[in-house]
Amino acid sequence: MSRETVPAWVPNSNVAYWKESAERADGFIFVVPEYNHGYPGELKILLDSLYEEYAHKPVGIAAVSSGHFGGARAVENLLPVLVTLSMYPLKQGLYFPNITELFGENGEMKDITYKKQAKEFFDELKKRALVMRGLRT
Ligand SMILES: Cc1cc2nc3c(=O)[nH]c(=O)nc-3n(C[C@H](O)[C@H](O)[C@H](O)COP(=O)(O)O)c2cc1C
């Protein structure tokens, strides 16, 4: 894939795959690392590259940080952007603080309380995706 120096919102080959995926999606999960109390600039570029493909679809955020707050500050920055894109963010978020300590050597999660939270998160996203798909058609 060639890198084109065009603004994110001008149609270009770099976002063709994302556009196709976003069009088909009934909902989104964004996994977001916290960078200097914000979210990564690459995510903003990706979000700005489309518009109507996001509208009236639910979105869940799983945030990650090496500090104690699990990316909560990145999420607070991201939420108004998602609302402006006419997305419907879930109230429930998944927050993963101290990420370097959360997984064992074999990649297993040390804290099983996340399983319950993750189930609620996925159940709610699925429910909204089904309802909102009906509203869009
Ligand atoms: C540029 C940069 C800024 C970061 N800023 C924060 C921060 O403000 N708070 C925090 O808890 N962790 C911060 N971290 C740690 C990341 O949130 C953490 O390492 C995360 O897992 C990085 O995900 P990645 O490997 O996908 O980049 C920062 C990491 C980078 C690279």
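Just so we're clear, the structure is a prediction, and the values are computed from it rather than from any experiment. (Residues numbered from 1 in each chain as written. Predicted model: local features only at pLDDT ≥ 70, side-chain atom pairs only at ≥ 80, totals over all residues.)

### Thoughts on the overall build of the protein
Argument step 1. Assigned secondary structure in the protein consists of 5 helices and 4 strands.
Argument step 2. Listing the helices and strands of the protein from first to last along the sequence gives α-β-α-β-α-β-β-α-α.
Argument step 3. Its C-alpha atoms give the protein principal-axis dimensions of roughly 40 × 35 × 30 Å.
Argument step 4. Residues counted as buried form 14% of the 137 residues belonging to the protein.
Argument step 5. By sequence separation, contacts in the protein at least 24 residues apart represent 78% of the contacts at least 6 residues apart. (Helix = DSSP H or I, 4+ residues; strand = E, 2+ residues; numbered from the N terminus. Buried ≥ 20, exposed ≤ 12 C-beta atoms within 10 Å, placed from the backbone. Contact = placed C-beta atoms within 7 Å.)

### Remarks on helix H3 (residues 72-84)
Argument step 1. If you check H3, its first and last C-alpha atoms are 19 Å apart, about what 13 residues at 1.5 Å a residue would give, namely 18 Å.
Argument step 2. Looking at H3, one finds that the buried residues are Ala 74, Val 75 and Leu 78.
Argument step 3. Tucked into the core, H3 has its buried residues touching strand S1 (28-33) and strand S2 (58-64).
Argument step 4. Directly after H3, the chain includes Ser 86, whose backbone phi takes a positive value near 60°. (Expected span 1.5 Å × (residues − 1).)

### Describing the site of the ligand
Argument step 1. Close contacts around the ligand come from Pro 33, Glu 34, Tyr 35, Asn 36, His 37, Val 64, Ser 65, Ser 66, Gly 67 and Ile 99, and that covers them all.
Argument step 2. Taken together, the residues of the shell around the ligand sort by class into 4 nonpolar, 5 polar and 1 charged. (Near = placed C-beta within 6 Å. Nonpolar A, V, L, I, M, F, W, Y, C, P; charged D, E, K, R; others polar.)

### Notes on the nonpolar core
Note on soluble globular proteins: their nonpolar side chains tend to be buried together.
Argument step 1. Among the nonpolar cores identified, the biggest contains 8 residues, and these are Val 32, Tyr 39, Val 59, Ile 61, Ala 63, Ala 74, Val 75 and Leu 78.
Argument step 2. Among the elements of the structure, S2 and H3 are those that each provide at least two residues to this core.
Argument step 3. Residues in contact with Leu 78, not counting those within four places in the same chain, are Val 32, Tyr 39 and Ile 61. (Core = buried A, V, L, I, M, F, W, Y, C linked by C-beta atoms within 7 Å.)

### Some words on the pairing of S1
Argument step 1. One ladder, built from 6 bridges, connects S1 with S2; its direction is parallel. Residue pairing across strands places Phe 30 opposite Ile 61, the latter belonging to S2.
Argument step 2. Crossover handedness for the path S1 to helix H2 (residues 41-48) to S2: right-handed. (Pairing = 2+ DSSP bridges. Right-handed = clockwise from strand over helix to strand, strands pointing away.)

### Some words on the pairing of S2
Argument step 1. A large share of S2 lies buried, amounting to 5 of its 7 residues.
Argument step 2. In terms of strand pairing, S2 meets strand S4 (residues 94-96) through 3 bridges, oriented parallel. Across the sheet, the residue bridging to Val 64 is Phe 96, located in S4.

### Here we look at the environment of Lys 44
Argument step 1. Mapped onto the elements of the fold, Lys 44 is located in helix H2.
Argument step 2. Residues Lys 44 and Gly 71, 27 residues apart in the sequence, show an inter-C-alpha distance of 16 Å.

### Some thoughts on the environment of Leu 43
Argument step 1. Take Leu 43: it is sitting in helix H2.
Argument step 2. A tally of 18 C-beta atoms within 10 Å means that Leu 43 is categorised as partly exposed.
Argument step 3. When the C-alpha positions of Leu 43 and Phe 30 are compared, they lie 9.1 Å apart, and in sequence the two are 13 residues distant.

### Observations regarding unusual backbone geometry
In terms of backbone geometry, most residues other than glycine have negative phi values and most peptide bonds are trans.
Argument step 1. One non-glycine residue with positive phi stands out, namely His 37, at about 65°.
Argument step 2. On the basis of neighbour counts, which here come to 14 C-beta atoms within 10 Å, the residue His 37 falls in the partly exposed class.
Argument step 3. One non-glycine residue, Ser 86, lies in positive phi territory at about 60°.
Argument step 4. By the element assignment, Ser 86 lies in the loop between H3 and strand S3 (88-89).

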